[in-house]
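Okay, here's what each chain looks like letter by letter:
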Amino acid sequence: MSSHALADALQLSPHPEGGFFRRTHENPLTVPVPFPTSDPTDKTRLASTSIHYLLTKDSPIGHFHRNKSLTYHFHHRGRGRYRLIHEDGRVEEYIVGGDIWAGEKLMWVVEGGVWKSSAVEGAEELLISEVVVPGFEFKDHEFMRFEILKELVGDEKAREWNEFLKA
Ligand code: GUN
């Protein structure tokens, strides 16, 4: 099945980070916000939200961003590379995919506050699901800027990774 057919079958829409998504579940339970917010009246979140997320040859990059919530990721098909920058500046890269014998990950967790980008690697697409805890809100989300990337990883790496920043 082509990546287009996959996006159609799953009724995915373009995601602002790149790629395509559809929210598949909202946990109606609300929980107290477990992290600082700028608005003192902003006190609760849905307990969790879930999406399908697809990267394709046409839209192969999930651009660097971070979220205050933690995200569980689950592989369905294809192959991708995750690039993470932890709050202390530590860089981590890994491959997600079905070849567990080669060390590819079927499931991975990105803690709140960690910068993340994803990209299709050596495949037609990458199809995953994500569970965000507590639930996803755009106000908890931030896109990476070149100046911040440079501070975190230095000039050379920032220029190398410029393609993973949202233009
Ligand atoms: N990224 C992870 N979960 C979500 C979600 O529910 N909505 C949006 N727009 N992006 C997400």
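Everything discussed here concerns the structure shown above.
Because the structure is a prediction, the values reported are computed rather than measured.

What counts and what doesn't
- Residues numbered from 1 in each chain as written.
- Predicted model: local features only at pLDDT ≥ 70, side-chain atom pairs only at ≥ 80, totals over all residues.
- Heavy atoms only, no water.
- Near = heavy atom within 4 Å.
- Polar contact = N/O pair within 3.5 Å; in protein donor to acceptor, adjacent residues only side chain to side chain.
- Areas by Shrake-Rupley, 256 points an atom, 1.4 Å probe, with all protein chains shown as cover.
- Helix = DSSP H or I, 4+ residues; strand = E, 2+ residues; numbered from the N terminus.
- Nonpolar A, V, L, I, M, F, W, Y, C, P; charged D, E, K, R; others polar.
- Pairing = 2+ DSSP bridges.
- Salt bridge = Lys/Arg side-chain N within 4 Å of Asp/Glu carboxyl O.

A.B. asks: So, the site of the ligand: which residues are in play, and what are the values?
C.D. replies: Close to the ligand lie His15, Phe21, Arg23, Ile51, Glu130, Val132, Phe136 and Phe138. In the model, a nitrogen atom of the ligand is placed 2.7 Å from a nitrogen or oxygen of the His15 side chain. The separation between an oxygen atom of the ligand and a polar side-chain atom of Arg23 is 2.8 Å. Against a free-state accessible area of 270 Å², the protein chains account for coverage of 93% of the ligand. Elements represented by at least two residues in the shell around the ligand include exactly strand S2 (20-26) and strand S11 (125-133). A per-class count over the shell around the ligand returns five nonpolar, one polar and two charged.

A.B. asks: Hey, could you go over the pairing of strand S7 (residues 70-85) for me, with residue numbers and the actual values?
C.D. replies: Looking at chain direction, S7 and S11 are connected through eight bridges and run antiparallel. Across the sheet, the residue bridging to Arg77 is Leu127, located in S11. Taken together, the four bridges between S7 and strand S9 (residues 107-110) define a ladder with antiparallel strand orientation. Within S9, the residue paired with Tyr72 across the bridge is Val109. The pairing of S7 with strand S8 (residues 91-97) spans seven bridges and is classified as antiparallel. Following the sheet pairing, Arg83 is matched in S8 by Glu93. Counted between consecutive antiparallel strands, the loop separating S7 from S8 contains five residues, among which Gly89 sits at a positive phi close to 90°.

A.B. asks: Report on the pattern of salt bridges, specifying residues and quantitative values.
C.D. replies: Under the definition given, this model contains 15 salt bridges. Measuring nitrogen to oxygen at the nearest pair gives 3.0 Å for the salt bridge that ties Glu93 to Arg81. Of this pair, Glu93 sits in strand S8 while Arg81 sits in strand S7; the two residues are twelve residues apart in sequence, bridging distant segments of the chain. Overlapping salt bridges bring together Asp42, Arg45, Lys139 and Asp140 as one network.

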